[in-house]
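Next come the chains, spelled out residue by residue.
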Amino acid sequence: MAFKFSIGGSGGPGLSASKSTYYTTIAQGALIAALTDPFGAGSTYTVVGSAPAQLALASDGRIVAGMGAQAVGQAYTIVVRATKGQRAVEEPLTFTAIADPLETPVTDAQRYMFWSTRSRFPSGSLVTAASATNYVMTRIVLASTVHTVTNPRFHFSGFASTEGGNSPQETVLPGNATVIDGVWISVNGAAPVALTFGGQAGVSIASGNIGAWTDEPTITVPREASVAIYTLYHTAAAEKQIPVYRIQTARGERVWGATDAATLTPMLSAPATASTASLDTGFGQSQPAYYGPDMTVARGWDGRPVVLGVVDSIGEARQEYAAEADTRGNLGWLRRWLDKDDPSYRRVPFMMMGMPGAGSARELGTNATLRWQVLDQAAAFNASSALPFTVAVNQLGQNDSNSTYSTMQGNWTGFVDRFKTRYPGMRMIATGVLPRTTSTNFWTTREGQTASQYNEWASTTNGWGNGFKWQLEAFKEAGGGGRLAGYISTKPYWYDAGAPGTWPIVADTYTLAAQAGTDGTTPYTSFQTTTPPRIADILIGGGAALSVLSVTGTGPYTVTTSSNTAVVPSGTVMRPQVSPEGVHPFPSAVQAIVAAIPQSQKALLAP
C-alpha cells in the first residue's frame, strides 16, 4: 500500500512544508515535501536531534524519504532548524504515511518474485572493446509492477546465447573475464545507491561462468516506479564484452565509455549526458547490445500471476527497434500485452527466458541450461525454494517445423516435458503462433499472400488448416496431450475465414504532407506526413517503400528514412507493411495484436 505524511505543529514563523502526507510506497531519497524559507531566501537547514529512519533532510531544504520502512497511518516527526546569519528558527514537522488507493496489497512480503519489465538474458554478437572505451557504463531503465516491492537483487552472466541457428544454446563466450567495477540503483530519480557482491563493490565473472548476484539491499521500490541500473564494467582493449541490451535512448538509457572508471562515475549524477558517440552506433538490427543485469527478483508478492515466458524472436521482439519501445521498455506483443494495465487484470510481472531463433527442441537441452540454473538460484533465495513465478507461458512453436509432423510435435512436447520434470506441478499456458506467408504486394492485402511450407490451409480440421504448424496449434489448443493448463489464442488478430492463415492488413494510414523525392534519381532521406508514423514501420504507397527511422516535429511530421529515389506525390496515402518477410510483425502490427487479444485471457494465468 502507499502513504503520505502530514505536518503537525505551527511550523513556526514561515517555517512550513509544502504537504503533510506521503505514500508509504515512496522510494528512498524521493521528495516528501519542500520547506518554505522562513527568511525569504538563503537559509540553511539542519536536523535538531535525531531524525526518524523514515525521514531525511536534504541539503537544499527538502524533506525526503529515509531508509526506514513506512507504516500505514504512522506519523513521523523531524525537528528542522532554519538559519540565516544571526537569525534562526526551529520547528517539529510531522508527516503521516498513508495508503495509495491504487496500490495492490502484498500477500507475501518475503517471497522473491519477478517484478520488472525490460529484463532479458544476454544474446547476440559479442562487442570488441576499443582501446578508448574498454571501460563501459550502461544505464538500463526498468519499470516496476503495480505493488511495492523491496530488496531487489540483480544477476550478471558470464555467457550469452546464440540468435538464430542453434538458439538458445549458451555458447557465445567472451573468452575473457568481465570485470564489474560497480553497480548502482536509482529509484524514481533518487540519488544512486551502490549495490554489492558478497560485500564487495564489484566482481570478476569468468568467461562461461553462470555469473553472480548482487547482495540483498535495504531498498523499497514503489509501484510502477522507474528504476535505473548503472553497471560499470571493463575488459582489456580488444577483448570481448557480453551483449545484453540495445540502448533505449528515448527512455533515458545510456552507454558511456572511457579508458578508466573515474571518468565514468560522474555520470551517476549526470544521467542525461549523451551516450559516447563511438558506442551509440547502428540502428535496428545493427545496433550493438551492451552489458547489464539480466534476471532480477525482489521481495513482495500481491498474489497476482507472475509469468516465466519461454519465447523466440516474436516473444522477445528483436524484430522491433530499441527506439520503438514503450514508456516501460516493452517490445513485442507478449511483453506489451502482459504489461497492459487493464482495469480488471492489471499488469502481470514477467521474465522472458528466450531469444531470437529459440526452438523447443533445443530449449532446456544440451548447452541451454545455464539460464535455468540462474532461475534455480533465484528460487533458492525463498523459503522451501519457492519459484519466483507462478505460471509459465510458452510462446514457442514458430521454429519447430519439421518434414514429419510427429517429429515437429515431439520437438514442442519435448521441451514441455523437460520443463515439467524440472518444475513438477508448475502450470504452463501456450500462446498461439502467427501466420507465415510470402506476398506479391508487400503484405498489403490478404489476396496476395501464399502460405509458406508447413503453414498450408488447403483443408480444415477442428478450425485449423492442414499444414503441420496449424496441426500443432490444434494440438496445443486441445491441451497438448494433457500438458497445458490453457491456450492464449492469437486468432482474434489474424484469422479470416475468407483467407485463413494470412496476415491482416494494417488499419493505420499516413498521408504525405509534401511530395517525397524530385526527379526519381536524386536520393532523399526524409519525407513529411500529416500524422506521425511508428518508428521501424515501412510505409507502402505510390510505388515506394519508405522505412521509418525517426520522427520529429509537431505536424506536419518529418520522417527520416533510408535512402530512396522514388517520387511520391503530396497527398499519397501510405499504409504500414504488416511484416518485413511474412514471419515477424512490424510495430503497427504488434500494436494491433495487443489490441485484438482480449485481456480477459489473462484469467488463464491466475495461480
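Summary of the structure given here. Keep in mind that what you see is a predicted model, and the values were worked out from it rather than measured.

### Observations regarding the overall build of the chain
When its secondary structure is counted, the chain shows seven helices and 37 strands. Its C-alpha atoms give the chain a radius of gyration of 27 Å, within 12% of the compact-globule value 25 Å for 607 residues. By principal-axis analysis of the C-alpha atoms, the chain measures approximately 90 × 65 × 50 Å. Of all 607 residues assigned to the chain, the portion counted as buried reaches 56%. Accessible area of the chain: about 21,700 Å², with a carbon and sulfur share of 53%. Of the side-chain charges in the chain, 40 are positive and 40 negative, and the distance between the mean point of each set is 3 Å.

### Things to note about the pattern of salt bridges
Considering all chains together, one arrives at 21 salt bridges under this definition. Close ionic contact of Arg-81 with Glu-90 constitutes a salt bridge, the shortest N to O distance being 2.6 Å. The residue Glu-170 makes a salt bridge to Arg-371 at a minimum N-O spacing of 2.8 Å. You can see Glu-170 sitting in the loop between β12 (149-156) and β13 (178-187) and its partner Arg-371 sitting in helix α3 (residues 370-380), a full 201 residues away along the chain.

### Quick look at unusual backbone geometry
Of note, the amide linkage connecting Ser-167 to Pro-168 takes the cis form, showing an omega dihedral of 10°. Secondary-structure assignment places Pro-168 in the loop between β12 and β13. Along the chain, Gly-555 connects to Pro-556 via a cis peptide bond; the corresponding omega equals 0°. For Pro-556, the location among the structural elements is in the loop between β35 (550-552) and β36 (557-564).

### What about the nonpolar core?
Of all hydrophobic cores here, the largest spans 71 residues; its most connected members are Met-295, Trp-372 and Phe-419. The element contributing the most residues to this core is helix α4 (residues 405-422), with six residues. Sequence-distant contacts of Trp-372, defined by excluding residues within four places in its chain, comprise Leu-308, Val-310, Met-353, Glu-363, Leu-364, Phe-415, Phe-419, Arg-422 and Tyr-423. Within the second largest apolar cluster, 55 residues are counted, among which are Tyr-76, Tyr-245, Leu-279 and Tyr-291.

### Focus on the sheet that holds strand β2 (residues 21-23)
Each strand in a sheet pairs with its neighbour through backbone hydrogen bonds, running either in the same direction (parallel) or in the opposite one (antiparallel). Read across the sheet, four strands follow the order β2-β8-β7-β4 without closing on themselves; strand pairing throughout is mixed. Lying at the two open borders of the sheet, with one neighbouring strand each, are β2 and β4 (44-47). Between one strand axis and the next, the sheet turns by 35° as a mean value, whatever way the strands run.

### Examining the layout of surface pockets
Estimated volume of the largest pocket: approximately 490 Å³. Lining the largest pocket are 26 residues; nearest its centre among them are Ala-69, Gln-70, Thr-148, Thr-150 and Thr-220. Elements supplying a minimum of two residues to the lining of the largest pocket: β9 (108-113), β12 and β21 (296-301). In terms of residue class, the lining of the largest pocket is made up of eleven nonpolar, 13 polar and two charged.

### A closer look at helix α5 (residues 468-477)
Looking only at α5, the buried set comprises Lys-469, Trp-470, Leu-472, Glu-473, Phe-475 and Lys-476. Packed against the buried residues of α5 are α4, β25 (428-431), β29 (464-465), β30 (486-488) and α6 (491-494). Looking one or two residues past α5, Gly-479 carries a phi angle of roughly 110°, positive in sign.

### What to know about the sheet that holds strand β5 (residues 55-58)
With antiparallel pairing, four strands are arranged side by side in an open sheet as β1-β3-β6-β5. Unpaired on one side and paired on the other, β1 (16-17) and β5 mark the two borders of the sheet.

### Quick notes on the packing of aromatic side chains
Two aromatic rings are characterised by how far apart their centres lie and by the angle between their planes. This model, assessed by the stated rule, comprises 27 aromatic pairs. The interplanar angle of 50° and the centroid separation of 6.2 Å between the aromatic rings of Trp-372 and Phe-415 together place this pair among those described as tilted. Here the residue Trp-372 occupies a position in helix α3, and Phe-415 occupies one in helix α4, the gap between them amounting to 43 residues. For Trp-372, a relative accessible area of 0% gives the class buried. Through successive ring pairs, a cluster of aromatic residues spans Phe-114, Trp-372, Phe-389, Phe-415, Phe-419 and Tyr-423. The ring centre of Trp-301 lies 5.0 Å from the NZ or CZ of Arg-111, which sits over that ring. Just above the ring of Phe-381 sits the side chain of Arg-153; from NZ or CZ to the centre is 3.9 Å.

About the criteria used
- Residues numbered from 1 in each chain as written.
- Predicted model: local features only at pLDDT ≥ 70, side-chain atom pairs only at ≥ 80, totals over all residues.
- Heavy atoms only, no water.
- Helix = DSSP H or I, 4+ residues; strand = E, 2+ residues; numbered from the N terminus.
- Rg over C-alpha atoms; globule rule 2.2 N^0.38 Å.
- Buried < 20%, exposed > 50% of the residue type's maximum accessible area, 1.4 Å probe, protein only.
- Areas by Shrake-Rupley, 256 points an atom, 1.4 Å probe, with all protein chains shown as cover.
- Lys, Arg positive; Asp, Glu negative; His and termini not counted.
- Charge placed at Lys NZ, Arg CZ, Asp CG, Glu CD.
- Salt bridge = Lys/Arg side-chain N within 4 Å of Asp/Glu carboxyl O.
- Core = buried A, V, L, I, M, F, W, Y, C linked by side-chain atoms within 4.5 Å.
- Contact = heavy atoms within 4.5 Å.
- Pairing = 2+ DSSP bridges.
- Axes fitted to C-alpha atoms, helices over the stretch in contact; angles between N-to-C directions.
- 1 Å grid on protein atoms, 1.4 Å probe; cavity = no way out; pocket = protein on both sides within 12 Å on 5 of 7 lines; lining within 4 Å.
- Points joined across faces, edges and corners; volume = space filled by probe spheres on them.
- Nonpolar A, V, L, I, M, F, W, Y, C, P; charged D, E, K, R; others polar.
- Phe/Tyr/Trp six-rings, centres within 6.5 Å; stacked < 30°, edge-to-face > 60°.
- Lys NZ or Arg CZ within 6 Å of the ring centre and 35° of its normal.

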